Amino acid sequence: GNSVTQMEGPVTLSEEAFLTINCTYTATGYPSLFWYVQYPGEGLQLLLKATKADDKGSNKGFEATYRKETTSFHLEKGSVQVSDSAVYFCALVLQGGSEKLVFGKGTKLTVNP
Amino acid sequence: GAVVSQHPSRVICKSGTSVKIECRSLDFQATTMFWYRQFPKQSLMLMATSNEGSKATYEQGVEKDKFLINHASLTLSTLTVTSAHPEDSSFYICSARAPGLAGGTAQYFGPGTRLTVT
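In short, a report on the structure. (Residues numbered from 1 in each chain as written. Chains lettered and ligands numbered in written order. Predicted model: local features only at pLDDT ≥ 70, side-chain atom pairs only at ≥ 80, totals over all residues. Heavy atoms only, no water.)

All names here are of chain A. The final tally for this structure, using the stated rule, is seven salt bridges over all chains. Across the salt bridge formed by Asp-54 and Arg-67, the nearest N and O atoms sit 4.0 Å from each other. Pair noted here: Asp-54 is in the loop between β6 (44-50) and β7 (56-59) and Arg-67 is in the loop between β8 (62-65) and β9 (75-77), with a separation of 13 residues, a long-range link. Residue Asp-54 is classed as exposed on the basis of its relative accessible area of 54%. (Salt bridge = Lys/Arg side-chain N within 4 Å of Asp/Glu carboxyl O. Helix = DSSP H or I, 4+ residues; strand = E, 2+ residues; numbered from the N terminus. Buried < 20%, exposed > 50% of the residue type's maximum accessible area, 1.4 Å probe, protein only.)

Below is the structure:
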């Protein structure tokens, strides 16, 4: 089946630290990959995406590269801010398939000043 | 662009009553909308896929007679929780797929509706 595995949180960092949230996937077909962010009290927002191998998605200083050989889509940011505190979800959808998003369990990030 | 709204944001109802939640795509037409349920500190669970003008497709284990979904137009889908019970208390989130945006594969999410059944 299709599944997404994220590193378990919570993750606590100091401001300006480097962030990595690991995400790996299994898919029966060719997936598009996404990172969504959920700020406290809000709904999910699309953070970035990649639709083919070696694509790099980027937004707001966050990056993730679609690695087909390792079936990974790790999220990185060079210098986190307090405002980045949120829950981050990795997700996939099969291209040409049912359009159902499959989510990881989410990783809660807290950034302290 | 690609804004999805939900109404209401919070609702409290008594056990046995029904509650309707609206999901609207504000600046695009969505032929497909999705309804999710999110439990505290957990991921989103897909409940059903809603296609405009046709019956919704429910995920295994989701009672279609309890969670009624109507997608009457390209910008509006509704979820009605019928005869609600305390165990239905949860955070309900809708999303809409936006053709032509993000390669057509991204879903844009509403802010969610917090349902509390007393």
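Having seen the model, we can carry on.
Another aspect to go through is the pairing of strand β1 (residues 3-6) of chain A. Side chains on a regular strand alternate between the two faces of the sheet. Residue and element names in this part refer to chain A. Of the two faces of β1, only the one carrying Val-4 and Gln-6 is buried; Ser-3 and Thr-5 on the other face are not. Pairing of β1 with strand β4 (residues 23-26), which is carried by four bridges, proceeds in the antiparallel orientation. Each bridged residue has a counterpart across the sheet, and for Thr-5 the counterpart in β4 is Thr-24. (Pairing = 2+ DSSP bridges.)

This part is about the nonpolar core. Ranked by size, the top nonpolar core spans 43 residues in total, and within it A:Tyr36, A:Leu101, A:Phe103, B:Tyr36 and B:Phe109 carry the most contacts. Once residues within four sequence positions are removed from consideration, B:Phe109 is found in contact with A:Tyr36, A:Leu44, A:Leu101, A:Phe103, B:Val4, B:Tyr36, B:Leu44, B:Ile93, B:Cys94 and B:Ser95. Formed by 26 residues, the second largest nonpolar core is a distinct cluster that contains A:Trp35, A:Val37, A:Tyr39 and A:Leu75. (Core = buried A, V, L, I, M, F, W, Y, C linked by side-chain atoms within 4.5 Å. Contact = heavy atoms within 4.5 Å.)

In short, the description is geometric, and any link to function would need to be established separately.
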